[in-house]
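Structure assessment
Below, each chain spelled out in residue letters.
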Amino acid sequence: MFNKVYSNIEHNDFLQSPSGGVAGFFETEVCIGGLLESLLPLLIQQVKVNLTVRQDKDITSAMAKQSTSLLECPLLVAAVFITGIGGTFQYGFNIAVMTSPSLFIKELVNTTSTERYGLPLEEGQLTLIWSFLVSIFCVGGLLGSLLAVQMGKKYGRKQCLLMNNLVAIVAAVLMILSKRAVSFEMIMVARFLYGVNTGVILTVHPMYLVESAPKNLRGTVGVTTATFSSLGKFFAQLLGIKELLGTEDLWVWLLGFSGFVALFQLFTLPLLPESPRYLLLNRGDQEGFERAVKRLWGSRDYSVETQEMLQEKIELQDIKIHSVMELLQSRPLRWVVLTVIVNFVTIQLCGINAVYFYSTEVFTAAGIPKNQLNYVAFGTGLCEVISSVICAVAVGSIGRKKLLIGGYGCMAVTQMLLTITLNLQDHVKWMPYCSIVLIFLSIFSFSCGPSGVTMSLLAEFFTQSYKPAGYALACSINWVGLFVVGMVFPLLVKHLKSYCFLIFLFFTIALATFVGINVPETDNLSPLEIQEAFRKMHTKTEKGGGPATPCGTTDNEIHGLKCQTKL
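Cut-offs applied
Along each chain, residues carry numbers from 1 onward, in the same order as the chain's sequence is written. Reporting in this predicted model follows two pLDDT cut-offs: at least 70 for local features of residues, and 80 or more for side-chain atom pairs to be given and counted; totals over whole chains, interfaces and linings ignore these cut-offs and use all residues. Computation of side-chain values covers all heavy atoms of the structure but excludes hydrogens and water. For the purposes of this entry, the term helix denotes a DSSP run of H or I that reaches at least four residues, the term strand denotes a run of E that reaches at least two, and both are numbered from the N terminus. How far a helix is expected to stretch is found by multiplying one less than its residue total by 1.5 Å. Exposure is judged per residue with a 1.4 Å probe applied to protein chains only, and the accessible area is read against the type maximum: over 50% gives exposed, under 20% gives buried, and values in between give partly exposed. Exposure above 30% relative accessible area and no salt bridge define the residues that can form patches, which grow by joining like charges within 9 Å and nonpolar side chains of Val, Leu, Ile, Met, Phe, Trp and Tyr within 5 Å. All accessible areas in this document rest on Shrake-Rupley with a 1.4 Å probe, and a residue is counted as covered only by the protein chains that are shown. In what follows, salt bridge is the name for a side-chain nitrogen of Lys or Arg lying within 4 Å of a carboxyl oxygen of Asp or Glu. The method works on a 1 Å grid over the protein atoms by themselves. A cavity is a set of points holding a 1.4 Å probe that cannot get out, a pocket is an open set with protein on both sides within 12 Å along at least five of seven lines, and residues with an atom within 4 Å of a point line them. Grid points are joined across faces, edges and corners, and a volume is the space filled by probe spheres set on the points. Three classes are used: nonpolar for Ala, Val, Leu, Ile, Met, Phe, Trp, Tyr, Cys and Pro, charged for Asp, Glu, Lys and Arg, and polar for all others, with Gly counted as polar.

Helix length check: helix H10 (residues 218-239), at 22 residues, gives a terminal C-alpha distance of 32 Å against a target of 32 Å (1.5 Å per residue), a fit within 8%. In terms of burial, H10 is a largely internal element, 17 of the 22 residues being buried.

Have a look at this one:
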C-alpha cells in the first residue's frame, strides 16, 4: 500500500542534498511535512477499513449469538409462534382482508336493501356504508385496548389472550353466516368484534412476550410482533386471490378465516406458562415464577435477571397501579411519555399508507395488467415480511435507536424522491420503474425500523406500576390515529395527489431528529435503567455546581429523593 510513498521518499531532493545549517533545516522540515501529508490519508483510510471490518464482524457475531441464545430456549421459540399466529397476525390479516372481497360485500349491502325495502342504494349511500364497515374495526380496537389493560392486570396475560380468542370465533361465525342471512349488519358487528379482539392483542401480546424473554433476547422477541403482523397482511393478500378464497362463493370463508386462527391459539396456548414477570411482580408467586422461568429459559443462568426483578418487586411493593392521568402528570416520566406519544403518532403519519395507495398506480404505469395487480401486490407483502424478520434478527446487535433513526431517515429520502418520480412518470417512460424501486425501499425502511421497534418500546419503558397506563395511552393513540388517517387520507390524495408525501416527510424527519436528540439506547436495560438513562440525558446542571440529583421516577420516590432540577 505504501510503495508509492516510499518511491517518492527515495527520489526526494532533501534526502540527497548536502545542504546544512538553517536552509538545510527548513528543507528537511518541508519534506517531513510532505511525507506526513502523503502518509496521513493512507493511514486514515486503513484505519477506516479496519474499523468497518471490525464493526461488521462485531454485528455478525452479535447476531449469531442472539440466534444461538434463542435456540437454547425452545419453549420461548414456541411461545413466539403460538402467540404470534393468534396475536398480531390477526391484526395484520384484518387490516388487509377487506380489499379483495370489497365488490362482493357491496353487492351484499345492495341486496340487503333491495330485499328489505325494495330499493337499491345510491352510490353515495353505498360508499358511506362501506366506509363504516371498514372504520368500525378501529372503534372496536380502541375499546379492546382499553379493556385489555384491566383484563391483563386482573386475569393475567395468558388468560386474557385465551378469553380473547372466543371473541374472534364469534365474529368469524357471524361473517360466515352473513351471506346466507342476507345481512350486512352481521358483517358490521363482526368487524367491530374483530376490532375488539385485535385491540386486546396489540396490548397483551407484546406485553406477554417481552415479559417472558430474558433481557438479552427481549428486543428480538418483542420485534416478532411486527413480523407476524406483516405475515397476516401477506396471508390476507394470498388467500384473497380468485384461485383460493377470493371468489363469489368463498369470500365469507375468507372473512371468517380469523376464527380458525383463534381456534389454533385456543388449543395451543395452554401449553405455555404465564408471564414470569407478571407472576412475580403482580401476583407475588415466586414458586410459579421460578417454574415459568425454567420452562421458558431452559438451563441457562438467569440469576442476574431474577435478582433485578426481585429488586424491582421490593421497590414497587407499596406502589399502586397508576392511571393514565397519573402517568401523564408524572414529571419524572415526562420524557418517556413524550417519546411514546411521538412514536405512536408518527407511526400513523409516516406515509406508509400513501406508499401502498400509490403502488397500484405505479404498477399500472409500469405496464402490469390490472388482472395481475393482486399477484404483484404479493411482492410488497413479502418485502414487509422479510424486512420485519431482518429487524427481529438485527435489533439486538444494532439497537432500537439506530433502527428508528435509520428507518425514518430512509423513509424521508424515499418520500422526497417519490414526490418527484410520481410527477414525472407520465413524461418519462422509465420513471415508473424508479417509483417501483422507491416503493419497495420505503416498505423495507418502515418494516426494518419503525414498524418493528415501536410496539416493543412499551414493555421496555415502563415498570409494572405504569405499564397498564402506558399501553392504554399508546394503543388509544394508535387506534384513533388509524381511524383519522383512514378518514382524512382520501381527501389528502384527492387535493394534493403525490404532494401529500411532503406532509409525511415532515413527520418522518421530525421523529428521526427527536429520537436522535432525546432518546437513549435501551438495549439490554431494565425499565428502571431505561428511566434512569432518560433522566441522565435530560437532567440539567445547576449553576455554580456539579450535576444535580436527577429527578426520580418510581424508585426515587420510594427512597424519598427530591428533585433538585426541572427537566
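Continuing now.
Among the surface-exposed residues, Val139, Val480, Phe483, Val484, Met487 and Val488 lie close enough to one another that they form a single nonpolar patch of about 470 Å² accessible area. Here the element with the most residues in the nonpolar patch is helix H23 (residues 467-496); it accounts for 5 residues. Mapped onto the fold, valine 488 is located in helix H23. On the accessibility criterion, valine 488 (37% relative accessible area) is partly exposed.

A few words on empty space enclosed by the protein. All told, the structure shown has 2 cavities of 30 Å³ or more when counted by the stated rule. What the largest cavity holds in volume is close to 60 Å³. For the lining of the largest cavity, the elements supplying multiple residues, two or more each, are helix H17 (334-349), helix H20 (400-424) and helix H22 (450-461). Here the element with the most residues in the lining of the largest cavity is H20; it accounts for 3 residues. A breakdown of the residues in the lining of the largest cavity according to their chemical character gives 6 nonpolar, 3 polar and 3 charged. Its boundaries defined by the atoms lining it, the second largest cavity holds a volume of some 30 Å³. Surrounding the second largest cavity, Val149, Gly152, Lys153, Arg157, Thr203, Met207, Pro468 and Tyr471 form its lining. Residue assignment for the lining of the second largest cavity shows that the elements contributing at least two residues are helix H7 (123-155), helix H9 (184-212) and H23. The biggest single contributor to the lining of the second largest cavity is H7, with 3 residues. Considering only residue class, the lining of the second largest cavity consists of 4 nonpolar, 2 polar and 2 charged.

These results come straight from atomic positions and should not be treated as a statement about function.
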